[in-house]
Amino acid sequence: MSFFEYRDGQLFAEQTSLSSIAAEHGTPCYVYSRAAFETQWKALDSAFGDHPHTICYAVKANSNIAVLNLLARLGSGFDIVSEGELRRVLKAGGDPSKVVFSGVAKSKSELAFAMQNKVRSINIESVAELERVQEVAASLNVTASIAFRVNPNVDPETHPYISTGMDKAKFGVTMEAAFDAYKRATELTNIEVHGIACHIGSQITKTSPFTDALKIVLDMVKRLADEGIKIKQLDLGGGLGIDYHGETPPSPSDYVQSMINGMKDHGINLPIAIEPGRYIAGNSGVMLTQIEFLKHNKNKNFAIVDAGMNDLLRPALYQAFHVIKPVEQRSRQAAKIFDVVGPVCESACVLGYDRELAVEAGDLLAVMSAGAYGFVMANNYNSRNKPAEIMVDSTQAHLVRKRETFDQLISGEVLLAAD
Ligand SMILES: *Cc1c(COP(=O)(O)O)cnc(C)c1O
């Protein structure tokens, strides 16, 4: 089911037309569907049935505090990768006892902030980090609850820039090192072993990479148990893919059942945490943009739009494909093949190559599946203001982040004193 559909030739978000949102809030902007976020979250939650679990939404996918607040209201936990993300979760009313903290380079002050707020688990990515966690916990006189993020060395069969669980990746502790790392953790006075975590990559469209990783993690759980080290939670990361353009990822129930069954096969029964980002946010938002000009060079038609790679980086960064739809459908007879390009002065500032579109200058386009890793990667390159974000709830369009102003854009900048 999509919450972004045509009605009488007009593209809607839920019960609100995208053209009315563009008229009120301008372009470029991101438009989210509340129902879409909630439906995706609930689909994963209910797939667990009565198996003990926590859905730790990966904040980095879309960190608008209105989004976090809606998920917190459903009882979501959160996966964070920085102090800033934890501050957002707290601001949005999220429960820190359902927060897991990932990331390869957590600073001492970030760790201290997380411990003071009693997050559920610090997911440690190296032995050096373990020693740092001990030092910070001791200085605060607290016990830090930890997991190691292990690296099971499986190929998630996705884009190399979003593969994280192979030996060549900077993420996680190798399986060879993990056992000794856990043993070391049990020697430390201010560390309590809580769980084991892994996250092998993103936009994964099969269950086999997940179950392959699970087997390796469960072997480690057994080895640790034999050594008297008890794991209380299995954190299986995020990575469940979505349909951007015809992909067929596993359903939530296939994905979750494959994990529960994998545990049963190993004779293990533990609470599971997962860290979905893209699955919840990806198809819950679009980016709206307006065509400034149509341009015809020798062999090419360009639709030059008012959103660029600074607003939506994924195509330039990952060669990601986003379907691009006209907000108002015109007769297909007028269709031509266009490269949809943005204003930024880089040849990589392209939102989509070779798209068949029936459009004219001034038309609005919706860049689909832009709810995850969209606004969060927006930046100010070319001194472009960050776009607005709008959350649609049925017939209501709520502005959940105002368009950045020029004054905000330069607010940290100062001149040298006059000579
Ligand atoms: C990015 C990330 C996620 C979320 O990945 P998705 O593919 O968006 O589900 C989860 N956990 C960790 C540690 C991450 O870095």
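Residues numbered from 1 in each chain as written. Predicted model: local features only at pLDDT ≥ 70, side-chain atom pairs only at ≥ 80, totals over all residues. Heavy atoms only, no water.

### Brief notes about the site of the ligand
For the record, the criterion: Being near a molecule or strand, for a residue, comes down to having at least one heavy atom within 4 Å of it. A 3.5 Å cut-off defines polar contacts: any pair of N or O atoms within that distance qualifies, except that in protein one atom must be a possible hydrogen donor and the other a possible acceptor, and neighbouring residues in sequence count only when both atoms are side-chain atoms. Using the Shrake-Rupley algorithm and a 1.4 Å probe, accessible areas are obtained, with residue cover drawn only from the displayed protein chains. In the scheme used here, Gly and all other residues not listed as nonpolar or charged are polar, with Ala, Val, Leu, Ile, Met, Phe, Trp, Tyr, Cys and Pro taken as nonpolar and Asp, Glu, Lys and Arg as charged.
Taken together, 14 residues sit near the ligand, with Lys60, Ser202, Glu275, Arg278 and Tyr373 positioned nearest. Between the ligand and Gly239 there is a distance of 2.8 Å, counted from an oxygen atom to a backbone nitrogen or oxygen. A distance of 2.8 Å separates an oxygen atom of the ligand from a polar backbone atom of Gly277. Against a free-state accessible area of 390 Å², the protein chains account for coverage of 94% of the ligand. Across the shell around the ligand, the residue classes tally to 3 nonpolar, 6 polar and 5 charged.

### So, the pattern of salt bridges
Basically, it comes down to this: By salt bridge we mean one thing: a side-chain nitrogen of Lys or Arg within 4 Å of a carboxyl oxygen of Asp or Glu. What counts as a helix is a DSSP run of H or I of at least four residues, what counts as a strand is a run of E of at least two, and both are numbered from the N terminus. Whether a residue is buried, partly exposed or exposed follows from its accessible area with a 1.4 Å probe, protein chains only, as a fraction of its type maximum: under 20%, in between, or over 50%, in that order.
Tallied over the full model, the rule gives 16 salt bridges. Where Lys300 meets Asp339, a salt bridge forms, and the shortest distance between an N and an O atom there is 3.0 Å. Residue Lys300 is found in the loop between β14 (285-296) and β15 (301-305), and its partner Asp339 is found in strand β17 (residues 336-341); the two are separated by 39 residues along the sequence. Given a relative accessible area of 5%, Asp339 falls into the buried group.

### With respect to the environment of Gly241
Put simply, the test is: Contacts: residue pairs with any heavy atoms within 4.5 Å of one another.
Within the secondary structure, Gly241 is located in the loop between β12 (233-235) and α9 (252-265). A relative accessible area of 1% means that Gly241 is categorised as buried. C-alpha of Gly241 to C-alpha of Ala388: the two residues are 147 residues apart in sequence and 26 Å apart in space. Residues in contact with Gly241, not counting those within four places in the same chain, are Gln203, Ile204, Pro249 and Tyr279.

### A look at the domain arrangement of the protein
To keep it simple, the criterion reads: As annotated, the domain borders come from an automatic or database domain assignment.
Its domain assignment divides the protein into domain 1 (4-32 + 282-409) and domain 2 (34-280). The centre of domain 1, based on its C-alpha atoms, is set 32 Å off from the matching centre of domain 2. The partner domain 2 presents 23 residues to the 24 residues of domain 1 that form the contact. Remark: the boundary between domain 1 and domain 2 carries 1 salt bridge. The partner of Arg34 in a salt bridge is Asp393, with the nearest N and O atoms 3.1 Å apart. At the boundary of domain 1 with domain 2, the tally comes to 13 residue pairs in polar contact (both at pLDDT 80 or more). Mapped onto the side of domain 1 that touches domain 2, the elements with two or more residues apiece are α11 (314-318), β20 (388-393) and β21 (396-401). Taken together, the residues that form the side of domain 1 that touches domain 2 break down as 11 nonpolar, 8 polar and 5 charged.

### Description of the packing of aromatic side chains
Rules: Ring pairs shown here join Phe, Tyr and Trp side chains whose ring centres sit within 6.5 Å, with only the six-membered ring taken for Trp; geometry is labelled stacked below 30 degrees between planes, edge-to-face above 60, and tilted in between. For a ring to carry a charge above it, either NZ of a lysine or CZ of an arginine must fall within 6 Å of the ring centroid while also lying within 35 degrees of the normal to the ring plane.
Tallied over the full model, the rule gives 6 aromatic pairs. Aromatic side chains Tyr30 and Phe375 sit 6.1 Å apart centroid to centroid with 85° between the ring planes, which places their arrangement in the edge-to-face category. With Tyr30 in strand β4 (residues 29-33) and Phe375 in the loop between β19 (364-367) and β20, this pair connects stretches of sequence that are 345 residues apart. Comparing Tyr30 with Phe375, the two get one shared label, buried. With a centroid separation of 4.8 Å and an interplanar angle of 75°, the aromatic rings of Phe148 and Tyr182 are classed as edge-to-face. Of the two residues, Phe148 is situated in strand β9 (residues 144-151) and Tyr182 in helix α7 (residues 175-187); the sequence distance between them amounts to 34 residues. One exposure class covers both Phe148 and Tyr182, and it is buried. Aromatic rings pair up to connect Tyr30, Tyr32, Phe37 and Phe375 into one cluster. Over the face of the ring belonging to Phe12 we find Arg7, whose NZ or CZ atom lies 4.8 Å from the ring centre. The residue whose ring lies beneath Lys106 is Phe101, and the NZ or CZ to ring-centre distance is 5.5 Å.

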